[in-house]
Amino acid sequence: MSFIDVTMQLLDGFKVTMLIFFLTLVGAIPLGLIISFGSMSKLKPLRWLTRTVVWIIRGTPLMLQIIIIFYGPGLIFGAAPLPRLSSVLVAFIVNYAAYFSEIYRGGIESIPVGQYEAGQVLGMTKTQIFFKIVLFQVIKRIVPPMGNEIITLVKDTSLARVVAVVELAKAAQDIVGLKGIIWPTFYIGAFYLLVSGALTLLFARIEKKLDYYKG
Amino acid sequence: MSVLEVCNIRKSFGGEEVLKGISFSMERGEVVAIIGSSGSGKTTLLRCLNFLVEPDQGSIVVNGETVYDSETVTNRSEKELRAKRLHFGMVFQSFHLFPQYNVLRNITLAAELREQELLKERKASKEEKKKVMAQVTETAKQLLSQVGLLEKQNAYPCELSGGQQQRVAIARALALNPDILCFDEPTSALDPALTGEVLRVIRGLKSSDRTMIVVTHEMEFARKVADKVIYMADGVIEEMGEPEQVFGTPKSEKLRKFLENAKEGL
Ligand SMILES: Nc1ncnc2c1ncn2[C@@H]1O[C@H](COP(=O)(O)OP(=O)(O)OP(=O)(O)O)[C@@H](O)[C@H]1O
Ligand SMILES: [Mg+2]
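The residue count restarts for each chain, going from 1 along the sequence in the order it is written. Lettering for chains starts from A, numbering for ligands starts from 1, and both go in the order in which the items are written. Given that the model is predicted, a residue must reach a pLDDT of at least 70 before its local features are reported, and side-chain atom pairs must reach 80 or more before they are shown or counted; all residues, however, enter totals for whole chains, interfaces and linings. The side-chain figures draw on all heavy atoms in the structure; neither hydrogens nor water molecules are used.

Here we look at the packing of aromatic side chains
Residues and elements named next belong to chain A. Convention followed: Two aromatic rings, drawn from Phe, Tyr or Trp (for Trp, its six-membered ring), form a pair once their centres lie within 6.5 Å of each other, and the interplanar angle then sorts them: stacked below 30 degrees, edge-to-face above 60, tilted otherwise. Secondary structure follows DSSP: runs of H or I at least 4 residues long count as helices, runs of E at least 2 residues long count as strands, and numbering of each begins at the N terminus. Only protein chains enter the calculation, and the probe is 1.4 Å; a residue is then buried if its accessible area is under 20% of its type maximum, exposed if over 50%, and partly exposed in between.
Within this structure, the stated rule accounts for 18 aromatic pairs over all chains. Measuring from ring centre to ring centre gives 5.4 Å for Phe-14 and Phe-191, while their planes differ by 50°; the resulting arrangement is tilted. Taken as a pair, Phe-14 in helix H1 (residues 3-39) and Phe-191 in helix H8 (residues 183-209) lie far apart in primary sequence, 177 residues in all. Take Phe-14: its relative accessible area is 19%, and that puts it in the buried class. Look at Tyr-187 and Phe-191: their rings are 5.4 Å apart centre to centre, the planes differ by 65°, and that puts the pair in the edge-to-face class.

Pasting the structure below:
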């Protein structure tokens with residue numbers, strides 16, 4: 001199998017990898033915000049429940065969560081399984097939302113209470129205080145940890161192969177199995193490096209943009 | 001008519017009574033200095049006036065309007081609460097400027113939001129909006145030159161010294177044109193070398209229609225600038241009167257001790 005053929009086949013897998021990557025971000029970024037509000041809620045039961053769920057999600061392997069979501073409904077209720085890719089997406093979104101929620105919570109709780117009070121004594125509404133004062137400061141603080149997490153996500157997409165979703169790593173694995181050549185396995189490293197390299201540059205730029213003030 | 005009448009304010013935190021019935025009144029243009037040892041309840045009193053904490057008991061009357069009365073307190077809407085807050089301005093010990101905005105924006109932000117709300121309510125035209133917003137910026141610049149920082153209008157708070165930051169915070173509070181401006185130890189977070197510039201600005205604000213309450217440890221300042229001095233101890237007003245009287249002929253034993261300690265710099 002020529003280099004071109006392998007590359008074309010891997011590119012098909014790479015598309016799926018990127019699909020998982022982007023859809024996970026689209027789902028997990030807002031869901032994480034909702035979860036973080038839950039884990040900061042004044043209602044004790046809600047806060048307790050949310051934090052427990054987050055603990056379970058962060059405390060178990062993502063691979064296990066993918067397997068449970070794919071096989072679980074069938075084993076427990078005899079229900080028809082979700083399509084493979086959908087199960088993977090559900091698992092990824094929930095898992096990453098849990099991690100993001102903790103980053104958001106850390107960011108929001110790190111804003112000094114004086115910022116809220118300064119807004120209050122100036123007659124601003126709660127919504128104005130959040131959107132005009134707090135949010136931007138939170139974003140500045142969470143950009144570095146979010147960057148880390150998002151780069152981890154690039155590599156985590158390879159876990160989708162446990163339920164036979166043909167993303168980049170599975171595509172390489174299939175070639176290796178069928179053709180008896182080993183090098184495509186190493187070759188995919190270049191794809192991951194390229195994406196995480198681009199993200200590293202992107203986040204460095206964002207950080208620099210936000211660096212016009214200290215604090 | 002008094003600008004401010006505070007009547008029998010009480011406040012407890014977890015069973016410990018921090019304010020045990022505070023009453024005083026102020027005339028328009030008056031400057032009141034509040035002195036007292038740490039933990040006597042000075043900050044809590046200012047926070048009650050600014051509705052950052054709700055008193056357990058008592059009433060607050062501004063220009064004849066009851067803005068708070070524990071007897072008739074109902075579930076106030078946020079809107080009402082905000083309107084009442086605007087009678088008071090607050091300058092914090094540690095400034096709390098908004099770090100992501102430049103100096104000018106720090107001052108105009110809340111005023112613009114407030115004006116936008118009012119404009120929307122009376123369905124103002126585009127031209128009127130423009131005019132009002134230009135006025136807000138104009139006022140902000142005037143205030144900035146009043147605190148001597150017009151040339152810093154585009155700087156960010158992190159680029160300013162503590163004294164400059166506090167002067168911006170003063171301008172920010174003034175931008176909403178409060179009836180009564182409160183200062184909570186405005187110079188306590190500053191290097192001694194920088195306290196002078198801030199105290200001079202506060203002193204310069206004294207005018208016939210600006211009413212101010214200044215919690216301070218600067219006895220000299222209180223003596224020279226205040227029209228009335230309140231000495232608080234353990235949640236009560238232990239002594240109150242003209243500076244000459246409070247500093248010159250203190251009646252209470254506690255106040256005498258306090259002033260002696262202050263003199264020795266304790
Ligand atoms: N939110 C709060 N919860 C519990 N206790 C509080 C709270 N705010 C203030 N206190 C307590 O109330 C008392 C008075 O505090 P306050 O800050 O009003 O004193 P202060 O006169 O401003 O002192 P300082 O000169 O140190 O600023 C203190 O014992 C303080 O611990
Ligand atoms: Mg205090």
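After presenting the structure, the write-up continues.
Some thoughts on the pairing of strand S7 (residues 180-184) of chain B
The side chains of a regular strand alternate, first on one face of the sheet and then on the other. Residue and element names in this part refer to chain B. What counts is decided by this rule: When the strands point away from the viewer, a crossover counts as right-handed if the path from the first strand over the helix to the second runs clockwise.
Within S7, five of the five residues are buried, which leaves it mostly tucked inside the rest of the structure. What you see with S7 is no split at all: Ile-180, Cys-182 and Asp-184 on one side and Leu-181 and Phe-183 on the other are buried throughout. Where the polypeptide runs from S7 across helix H6 (residues 192-205) and back to strand S8 (residues 211-215), its parallel neighbour, the crossover connection is right-handed.

Digging into the nonpolar core
Buried together is how nonpolar side chains tend to be arranged in soluble globular proteins. Heads up, the rule is: To form a nonpolar core, buried Ala, Val, Leu, Ile, Met, Phe, Trp, Tyr and Cys residues must be joined to one another through side-chain atoms within 4.5 Å. Here, two residues are considered to be in contact whenever any of their heavy atoms come within 4.5 Å of each other.
Core analysis: the largest hydrophobic core is formed by 98 residues, its most contacted members being Leu-10 of chain A together with Leu-4, Phe-24, Ile-60 and Ile-213 of chain B. Sort the elements by how many residues they give to this core and helix H6 (residues 126-156) of chain A lands first, with 12 residues. Once you skip the residues sitting within four places of it in the chain, Ile-213 of chain B turns out to touch Leu-4, Phe-24, Met-26, Val-32, Ile-34, Leu-46, Leu-49, Ile-180, Leu-181, Cys-182 and Phe-183 of chain B. Counting residues in each nonpolar core, the second largest holds 33 residues, with Leu-97, Ala-169, Leu-174 and Phe-221 of chain B among its members.

Remarks on the site of ligand 1
Residue and element names in this part refer to chain B. Which entries qualify depends on this criterion: Throughout this document, a residue counts as near a molecule or strand when at least one of its heavy atoms sits within 4 Å of that molecule or strand. In protein, a polar contact requires one atom able to donate a hydrogen and another able to accept it; more generally it is a pair of N or O atoms within 3.5 Å, and residues adjacent in sequence count only if both atoms are side-chain atoms. Residue-level accessible areas treat just the shown protein chains as cover; the underlying method is Shrake-Rupley with a 1.4 Å probe. Think of it as three bins: nonpolar holds Ala, Val, Leu, Ile, Met, Phe, Trp, Tyr, Cys and Pro, charged holds Asp, Glu, Lys and Arg, and polar takes everything else, Gly as well.
In the region of ligand 1, 13 residues are neighbours, and Ser-38, Gly-39, Lys-42, Thr-43 and Thr-44 sit closest. Here Glu-185 contributes a side-chain N or O atom positioned 3.1 Å from an oxygen atom of ligand 1. In isolation ligand 1 offers 640 Å² of accessible surface; the protein chains occlude 60% of this area. Of all the secondary-structure elements, those providing two or more residues to the shell around ligand 1 are strand S2 (16-26) and helix H1 (42-49). Of the residues forming the shell around ligand 1, the biggest block, three residues, is contributed by H1. Of the residues in the shell around ligand 1, the class split is two nonpolar, eight polar and three charged.

Side note on the environment of Ala-98 of chain A
By secondary structure assignment, the location of Ala-98 of chain A is in helix H4 (residues 84-109). Setting aside residues up to four positions removed in sequence, Ala-98 of chain A forms contacts with Ile-35, Val-54, Ile-57 and Arg-58 of chain A.

A short note on the confidence of the model for chain B
Residues and elements named next belong to chain B. Stated precisely, the cut-off is as follows: pLDDT is a residue-level measure of predictor confidence that goes from 0 to 100.
When pLDDT is averaged along chain B, the result is 91, and 98% of the positions lie at 70 or above. Within chain B, helix H2 (residues 78-85) has the poorest average pLDDT of any element, 85, and strand S6 (residues 88-91) the best, 96. Here the complex is predicted with pTM 0.88, and the ipTM for its interfaces comes to 0.93.

A word on the interface of chain B and chain A
Quick reminder of the rule: By buried area we mean how much accessible surface two parts lose on assembly, using a 1.4 Å probe and totalling the loss over both. Each salt bridge in this description consists of a side-chain nitrogen of Lys or Arg and a carboxyl oxygen of Asp or Glu lying within 4 Å of one another.
Chain B puts 24 residues into the contact, and the matching count from chain A is 20 residues. Of the roughly 2,100 Å² buried between chain B and chain A, counting both surfaces, carbon and sulfur atoms make up 64%. It is Phe-98, Gln-100 and Leu-113 of chain B that lose the most area in chain B upon contact with chain A, and together they represent 26% of the buried surface on that side. Here chain B and chain A share one salt bridge between them. Between Glu-117 of chain A and Arg-47 of chain B there is a salt bridge, with its nearest N and O atoms 2.7 Å apart. If you look at where chain B meets chain A, you find eight residue pairs in polar contact (both at pLDDT 80 or more). Looking at the side of chain B that touches chain A, the elements with two or more residues in it are H2, S6, helix H3 (103-121) and helix H5 (162-174) of chain B. Grouping the amino acids of the side of chain B that touches chain A by side-chain chemistry returns 16 nonpolar, three polar and five charged.

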